[in-house]
Amino acid sequence: GAVVSQHPSWVICKSGTSVKIECRSLDFQATTMFWYRQFPKQSLMLMATSNEGSKATYEQGVEKDKFLINHASLTLSTLTVTSAHPEDSSFYICSALTGTGQQETQYFGPGTRLLVL
Amino acid sequence: SQQGEEDPQALSIQEGENATMNCSYKTSINNLQWYRQNSGRGLVHLILIRSNEREKHSGRLRVTLDTSKKSSSLLITASRAADTASYFCATRTSGTYKYIFGTGTRLKVLA
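To keep things clear, this report deals only with the structure shown in the data block. Nothing here was measured: the structure is a model prediction, and the numbers come from that model.

## Quick notes on the side chain of Thr32 of chain A
Assignment of secondary structure puts Thr32 of chain A in strand 4 (residues 32–38). Sequence-distant contacts of Thr32 of chain A, defined by excluding residues within four places in its chain, comprise Thr49, Ser50, Asn51, His71, Ser95, Ala96 and Leu97 of chain A together with Tyr97 of chain B.

Set out below in structure tokens:
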């Protein structure tokens, strides 16, 4: 159980285009999902917290108009990188939260590698 | 920085040896979780230890937690080449939804 999928697994796009990444919890419902960005050989950087039915909470320094998040259902959150530029090239990982209290656990998707030319 | 610290940053051992990684964090927590990440892949959940637990085992993994020192360790016994990966700890600060990740330890197990 606790499987999270991401689609696409990798994408190459031209500068100026928008890219949508989907994150799905396959066998559980997730009120809360997270979006992270990871640069090579570095740890995960939290971009935003996605809450079903409400606006996402963005971390300081993350442009909400640049990285649009929509958590439309309990199993799906999407991240849209708008007007992508080469500096947006990165590895984007989502996670979904399950469990409660001290048993609360994040399960991660396999990641999406974005390359903006 | 809110980020946790892990040490060592990199570790290279021979197959069959034990590998120990340490994680320190800064705030009070509900639980601490360890993850493994193979190169270019997502994170795989390894083990969760609650704030009121001191030690936990799962197969070849042993995790300890010392809340007084705000630190945790992950021990992998009888390591295998397939254990080669980056290992991260993650903590959720009490009262928030945010998880803070450590800087990670890159483990290389030589066959």
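## Details of the interface of chain B and chain A
Taken together, the contacts link 24 residues of chain B with 24 residues of chain A. Across the chain B to chain A interface the summed buried area is about 1900 Å²; carbon plus sulfur atoms make up 50%. For the pair chain B and chain A, the number of links is 2 salt bridges. At the junction of chain B with chain A, the criterion picks out 12 residue pairs in polar contact (both at pLDDT 80 or more). Those elements that place two or more of their residues in the side of chain B that touches chain A are strand 4 (29–37), strand 5 (43–50), strand 9 (85–93) and strand 10 (99–101) of chain B. Residue contributions to the side of chain B that touches chain A peak at 5 residues, all from strand 4 of chain B.

## Observations regarding the environment of Ser5 of chain A
Residues and elements named next belong to chain A. Mapped onto the elements, Ser5 comes out in strand 1 (residues 4–7). Between the C-alpha atom of Ser5 and that of Thr75, which follows or precedes it by 70 residues, the distance is 10 Å. Sequence-distant contacts of Ser5, that is, excluding residues within four places in its chain, are made with Glu22, Cys23, Arg24, Leu26, Cys94 and Pro110.

## Observations regarding the sheet that holds strand 1 of chain A
Strands in a sheet are paired, the pairing made by backbone hydrogen bonds, and the direction either parallel or antiparallel. Residue and element names in this part refer to chain A. Taking strand neighbours across the sheet as the criterion, the 4 strands line up as 1-3-8-7 in an open arrangement whose pairing is antiparallel. Strands with a single pairing partner mark the edges of an open sheet, and in this sheet they are strand 1 and strand 7 (67–73). Ignoring strand direction, the axes of neighbouring strands in this sheet form an average angle of 15°. Bridge count between strand 1 and strand 3 (residues 19–25): 4 bridges; the pairing is antiparallel. Residue pairing across strands places Gln6 opposite Cys23, the latter belonging to strand 3.

## Observations concerning the pattern of salt bridges
In the structure shown here, the tally under the stated rule is 8 salt bridges over all chains. Close ionic contact of Lys66 of chain A with Asp88 of chain A constitutes a salt bridge, the shortest N to O distance being 2.7 Å. Placement of the pair is Lys66 of chain A in the loop between strand 6 (57–58) and strand 7 and Asp88 of chain A in the loop between strand 8 (76–81) and strand 9 (90–98), with a sequence separation of 22 residues. When sorted by exposure, Lys66 of chain A lands in the same class as Asp88 of chain A, which is buried. Two residues, Arg62 of chain B and Glu55 of chain B, come together in a salt bridge whose shortest N-O distance is 3.1 Å. Judged by its relative accessible area of 31%, Arg62 of chain B is partly exposed. A single salt-bridge network, built from bridges that share partners, covers Arg50, Glu53 and Lys56 of chain B.

Conventions we followed
- Residues numbered from 1 in each chain as written.
- Chains lettered and ligands numbered in written order.
- Predicted model: local features only at pLDDT ≥ 70, side-chain atom pairs only at ≥ 80, totals over all residues.
- Heavy atoms only, no water.
- Helix = DSSP H or I, 4+ residues; strand = E, 2+ residues; numbered from the N terminus.
- Contact = heavy atoms within 4.5 Å.
- Buried area = accessible area lost by both parts, 1.4 Å probe.
- Salt bridge = Lys/Arg side-chain N within 4 Å of Asp/Glu carboxyl O.
- Polar contact = N/O pair within 3.5 Å; in protein donor to acceptor, adjacent residues only side chain to side chain.
- Pairing = 2+ DSSP bridges.
- Axes fitted to C-alpha atoms, helices over the stretch in contact; angles between N-to-C directions.
- Buried < 20%, exposed > 50% of the residue type's maximum accessible area, 1.4 Å probe, protein only.

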